[in-house]
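What the coordinates show
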Amino acid sequence: MKKSLSAAAAAFGLVSIGLAPAGASARQASSKTPTSGASSSYTPPPVSWGACKAPSLVKAGAQCGYVTVPLDYAKPKGAKIKLAVSRIKHKTPDAKKQGIMLVNPGGPGGSGLTLARLGQWVPNGGGDPYDWIGFDPRGVGDSLPSLACDGNYFGYNRPDYRVTKAGTERQWLRKTAGYSKACSKADGARLLPHMKTVDNVRDMDSIRKALGEKQINFYGFSYGTYLGQVYATMYPKQTRRMVLDGVVNPKDVWYDANLNQDVAFDANMDTFFDWVAKNDATYHLGKSGKAIKKRWYAMLDKLAKTPADGKIGPNEWTDAFLNAGYYVFGWEGDAEALVAAFKGDFGPVTDLYDEANGSGPGSDNGYAVYLGTQCSDVAWPTSWNKWKADNTRVAKKAPFETWANAMFNLPCTSWPVKASNRQAPRVDGSKVGPVLLISETKDGATPYGGALEVRKRFPKSSLIEGVGGTTHSGSLSGIACTDDKIATYLLSGKTPQRTRGQGHSDVKCEPVPQPAPGPANALTESASDSGRGHGHGKGHGKKRHGMPQDLRAQLQQAASSTR
């Protein structure tokens, strides 16, 4: 999936779970079925726990360390890398401890180290019986080595994403091939051949072994839901409980997933424009969402001719507002930036773009790892003519993100490591116990059909639907209907009763609500202090708050920075 390097991708990449031996042909590897319960023969040394660097982890009383794993699991005695891990221990008596809870924020490429703090935001003490384990996947953040290729890649005023301009496609083919080449040069540790989803899943099992546990519990967001699906397929006996929020469709990985995303994002942007119009008393842009949308696209064309302040062109304009298609969190700031731009002040739009797209050495770490996984998981079309035809077709009905998404993922056509698998192996959850799935009906990053597909493949799962909502991976936002059921599941293993048949959810809850218009700086307050931008429980007689804004922002960064 494509995302601007900040807000929230959930974006994906698929892998061969087929455990084919090194050197197996593409045809052999892709014909393999996932191997169940085949735990790697490698056993890592125990973690040497020490102090954490991140202030939020220090404040939460976390411990940090490293898990040493093979660079290549086919050569367990060969080169090693280190995964940064964190731990916040259970709050219950030891006799009531329920094991470890690994957390992944998505991406691929999102840092999960500080997400060990997530447990305290599960209501009703639902997180208390677990040791919450955050980790940076291989190549990410504090893990050693980390991967970055070109910190200036997302600089201002790039070639127009849209291929309707003469020469644009040639510029992007050169630019993306250049990034692929930069990654090849930067990969001194030879990480790139070993960054598939299956490598990360094996790392998760190595973390389990390093902590001396027989099973894992897992809370995955966005791409993290795919990690959970693959782990449950490969290691059903080591799988205990899983919460999968913002569910990746295993049928679509990964080329088709991005095309499906484009359509969903476009619809969500219409919803955002309608919200701005509904709040015309605050924003004064008109009472018609269609009219505001027309003005947005007129500005896009204007910036294509003359970038604002010499740097905000059509791409920066698009990427700055991508968050609005992912989440209702932050709509106030998005709307204020829109108002300012229509008045000639592009400072707020620049701020939105900068927050989503870092610059400088190492700033592209998430993007590099995203491509490292997504491009090598499963074969992408190599013909530009196919990309052009497919994206032209989709852009006719969904112009907002289609070409931006295509160019974000285009390095996969020139990536230095070629995928050995032509299609994804089948995810199979038939051998695991109850799993809790969560999705909003109009999720843009991971469209709702993915949750229905995984519900079908995991026959003991239950699906909670945030009816009509547009937010991606929005659990633990204070919606009592959803969050209380998460707590019940984590405490007892009990999921909502599964209804008969396919093609529908098992429980319908209210979605994360659209915000009230107001000052964007209110979003910087912690939800535990203000509750702004977070849902409140309904029908339970009390006001409820979700996770703090810094954790929510981290999840948004992981998803949208990796489309």
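Refer to the structure above for everything that follows.
A few points on the structure. (Residues numbered from 1 in each chain as written. Predicted model: local features only at pLDDT ≥ 70, side-chain atom pairs only at ≥ 80, totals over all residues. Heavy atoms only, no water.)

1. Notes on the overall build of the protein
Of the regular secondary structure elements, the protein holds 18 helices and 9 strands. Across the 563 residues of the protein, 63% fall into the buried class. Approximately 20500 Å² of the protein is accessible, and the part contributed by carbon and sulfur atoms is 50%. (Helix = DSSP H or I, 4+ residues; strand = E, 2+ residues; numbered from the N terminus. Buried < 20%, exposed > 50% of the residue type's maximum accessible area, 1.4 Å probe, protein only. Areas by Shrake-Rupley, 256 points an atom, 1.4 Å probe, with all protein chains shown as cover.)

2. Details of the pairing of strand β5 (residues 216-221)
For β5, the tally of buried residues reaches 6 of 6 residues, placing the bulk of the element in the interior. Here β5 shows no split at all, with Ile216, Phe218 and Gly220 on one side and Asn217, Tyr219 and Phe221 on the other all buried. In the sheet, β5 pairs with strand β6 (residues 239-245) via 5 bridges, with the strands oriented parallel. When the sheet's bridge partners are listed, isoleucine 216 is paired in β6 with threonine 239. On the question of chirality, the crossover connecting β5 to the parallel β6 by way of helix α5 (residues 223-234) is right-handed. (Pairing = 2+ DSSP bridges. Right-handed = clockwise from strand over helix to strand, strands pointing away.)

3. Some remarks on the sheet that holds strand β9 (residues 507-509)
Here we have 9 strands laid out as an open sheet, ordered β1-β2-β4-β3-β5-β6-β7-β8-β9, and mixed in their pairing. Looking at the sheet topology across the chains shown, the edges are occupied by β1 (63-70) and β9. Taking each pair of neighbouring strands and ignoring which way they run, the sheet shows an average axis angle of 20°. For strand β8 (residues 462-466) and β9, the ladder comprises 3 bridges, and the chain directions are parallel. Residue pairing for β9: isoleucine 464 is matched across the bridge by valine 507. Contacts from helix α16 (residues 449-457) reach β7 (436-440) and β8 within the one sheet, and its direction differs from that of β7 by about 160°. (Axes fitted to C-alpha atoms, helices over the stretch in contact; angles between N-to-C directions. Contact = heavy atoms within 4.5 Å.)

4. So, unusual backbone geometry
Of note, the amide linkage connecting glycine 107 to proline 108 takes the cis form, showing an omega dihedral of -5°. Residues other than glycine seldom take positive phi values, yet serine 222 does so here, at roughly 55°. Within the secondary structure layout, serine 222 lies in the loop between β5 and α5. Of note, the phi angle at aspartate 309 is positive, near 55°, even though the residue is not glycine. One can find aspartate 309 in the loop between α8 (289-305) and α9 (314-320). For aspartate 309, a relative accessible area of 60% gives the class exposed.

5. As for the packing of helix α6 (residues 255-278) against helix α11 (residues 331-342)
For the pair α6 and α11, the least separation of the axes is 11 Å and the interaxial angle reads 75°. Between α6 and α11, the angle is such that the two are roughly perpendicular. Listed contacts from α11 to Thr271, Phe272, Trp275 and Val276 of α6 are Trp331, Glu332, Asp334 and Ala335. Among the residues making up the contact of α6 with α11, the classes are represented as 5 nonpolar, 1 polar and 2 charged. (Parallel < 35°, antiparallel > 145°, perpendicular 65-115°, else oblique. Nonpolar A, V, L, I, M, F, W, Y, C, P; charged D, E, K, R; others polar.)

6. Focus: the state of the cysteines
The term disulfide refers to a covalent linkage connecting the sulfur atoms of a pair of cysteines. One pass over the structure, following the stated rule, counts 4 disulfides. Disulfide partner of cysteine 149: cysteine 183, at an S-S distance of 2.0 Å. Sign of the S-S torsion, about 105° for the bond between cysteine 149 and cysteine 183, identifies this disulfide as right-handed. In this pair, cysteine 149 sits in the loop between β4 (131-135) and α3 (168-186) while cysteine 183 sits in helix α3, placing the two residues 34 residues apart along the sequence. Given the relative accessible area of 17%, cysteine 149 is considered buried. Using a relative accessible area of 0% as the deciding quantity, one classes cysteine 183 as buried. What pairs with cysteine 481 in a disulfide is cysteine 509, and their sulfur atoms sit 2.0 Å apart. Measuring handedness by torsion sign, the sulfur bridge of cysteine 481 and cysteine 509 sits at about -65° and is left-handed. In this pair, cysteine 481 sits in helix α17 (residues 480-492) while cysteine 509 sits in strand β9, placing the two residues 28 residues apart along the sequence. A relative accessible area of 14% places cysteine 481 in the buried class. Bonded cysteines in the protein are paired 1-2, 3-4, 5-6, 7-8 when counted in the order they occur along the chain. (Disulfide = S-S within 2.5 Å.)

7. Side note on the packing of aromatic side chains
The tally for this structure, following the rule as stated, stands at 37 aromatic pairs. Where tyrosine 219 meets phenylalanine 221, the ring centres are 5.0 Å apart and the plane angle is 25°; that geometry is what we call stacked. Here tyrosine 219 matches phenylalanine 221 in class, with each residue buried. Aromatic side chains tryptophan 296 and tyrosine 297 sit 4.9 Å apart centroid to centroid with 75° between the ring planes, which places their arrangement in the edge-to-face category. Since its relative accessible area comes to 0%, tryptophan 296 is described here as buried. Classification of tyrosine 297 as buried rests on a relative accessible area of 19%. Taking the ring centre of tyrosine 153 as reference, the NZ or CZ of lysine 175 above it sits at 4.4 Å. Just above the ring of phenylalanine 342 sits the side chain of arginine 295; from NZ or CZ to the centre is 4.2 Å. (Phe/Tyr/Trp six-rings, centres within 6.5 Å; stacked < 30°, edge-to-face > 60°. Lys NZ or Arg CZ within 6 Å of the ring centre and 35° of its normal.)

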